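Architecture and fold: a report
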Amino acid sequence: GAVVSQHPSRVICKSGTSVKIECRSLDFQATTMFWYRQFPKQSLMLMATSNEGSKATYEQGVEKDKFLINHASLTLSTLTVTSAHPEDSSFYICSAGGDGKLFFGSGTQLSVL
Amino acid sequence: AQSVTQPDIHITVSEGASLELRCNYSYGATPYLFWYVQSPGQGLQLLLKYFSGDTLVQGIKGFEAEFKRSQSSFNLRKPSVHWSDAAEYFCAVGAPGGYQKVTFGTGTKLQVIP
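Now for a description of the structure that goes with this document.

Each value, and the rule that gives it
Residues numbered from 1 in each chain as written. Chains lettered and ligands numbered in written order. Predicted model: local features only at pLDDT ≥ 70, side-chain atom pairs only at ≥ 80, totals over all residues. Heavy atoms only, no water. Helix = DSSP H or I, 4+ residues; strand = E, 2+ residues; numbered from the N terminus. Buried < 20%, exposed > 50% of the residue type's maximum accessible area, 1.4 Å probe, protein only. Contact = heavy atoms within 4.5 Å. Phe/Tyr/Trp six-rings, centres within 6.5 Å; stacked < 30°, edge-to-face > 60°.

1. Topic: the overall build of chain B
- Assigned secondary structure in chain B consists of zero helices and 12 strands.
- Going residue by residue from the N terminus, the α and β elements of chain B occur as β-β-β-β-β-β-β-β-β-β-β-β.
- Its C-alpha atoms give chain B principal-axis dimensions of roughly 40 × 30 × 20 Å.
- Burial analysis of chain B (114 residues in total) assigns 46% to the buried set.
- Partitioning the intrachain contacts of chain B with sequence separation of at least 6 by distance along the chain shows that 55% fall at a separation of at least 24.

As structure tokens, this is what we get:
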């Protein structure tokens, strides 16, 4: 079964609202979590890396005030897209690493109208 | 900086034919290498990974990959493709540690024809 659970799988929201995406590790303690973004027909681009209990490290060009990442426990990380706009529409995927393992979530398709 | 190149954007093969997807990486030392598959609208599923040891790695669904240090390659192969293998395939490289930052290639879309 899945060892990383990502919810929701699909979300549609109005422009200006905020959306929270959850990523949970089910069978292991995820000391590190990664958030990726995938545009249609493109590869996955790393947005940020978060270690449990620490502030996330964002990749160049990623707005930390827009994409809020919280990794408060060894089993849960959240990505909040604040004041979402249509250009934020994308496929977001998390991955969780720990105990020498790395697993990916099933992804969240965000559509901002 | 680590990087991955997948030179083939799109590949079409007949069902039952053999398959090889190319992957070249750039990394200063021996990297951790991965192949993932993504079906439309789905997340990523790990096919196989190479950390060390035997350079020919067996994965799920009948896939295998061979690490060739001299060529900086990690090509994915399957002797006989099934229609259900149609998907997008991503090669990825990571720093040793297994769960460090992973860099993905641009992907190869596989189409399988009857």
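More follows now that the structure is in view.
2. Here's the deal with the packing of aromatic side chains
- Applying the stated criterion to the full structure yields 15 aromatic pairs over all chains.
- Measuring from centroid to centroid gives 5.6 Å for Phe104 of chain A and Phe104 of chain B, while their planes differ by 75°, and the two rings are edge-to-face. You can see Phe104 of chain A sitting in strand E10 (residues 101-104) and its partner Phe104 of chain B sitting in strand E11 (residues 102-104), one on each of two chains. The two residues Phe104 of chain A and Phe104 of chain B agree in class, both being buried.
- Relative to Phe104 of chain B, the ring of Tyr36 of chain B has its centre 5.8 Å away and its plane inclined at 50°; by these criteria the two rings are tilted. Linking Tyr36 of chain B in strand E5 (residues 32-38) with Phe104 of chain B in strand E11, this pair joins segments that are 68 residues apart in sequence.
- The class for Phe104 of chain B is buried, based on a relative accessible area of 7%.
- Here the aromatic cluster, defined as three or more aromatic residues joined through ring pairs, consists of Tyr36 and Phe104 of chain A together with Tyr32, Phe34, Tyr36, Phe51, Phe90 and Phe104 of chain B.

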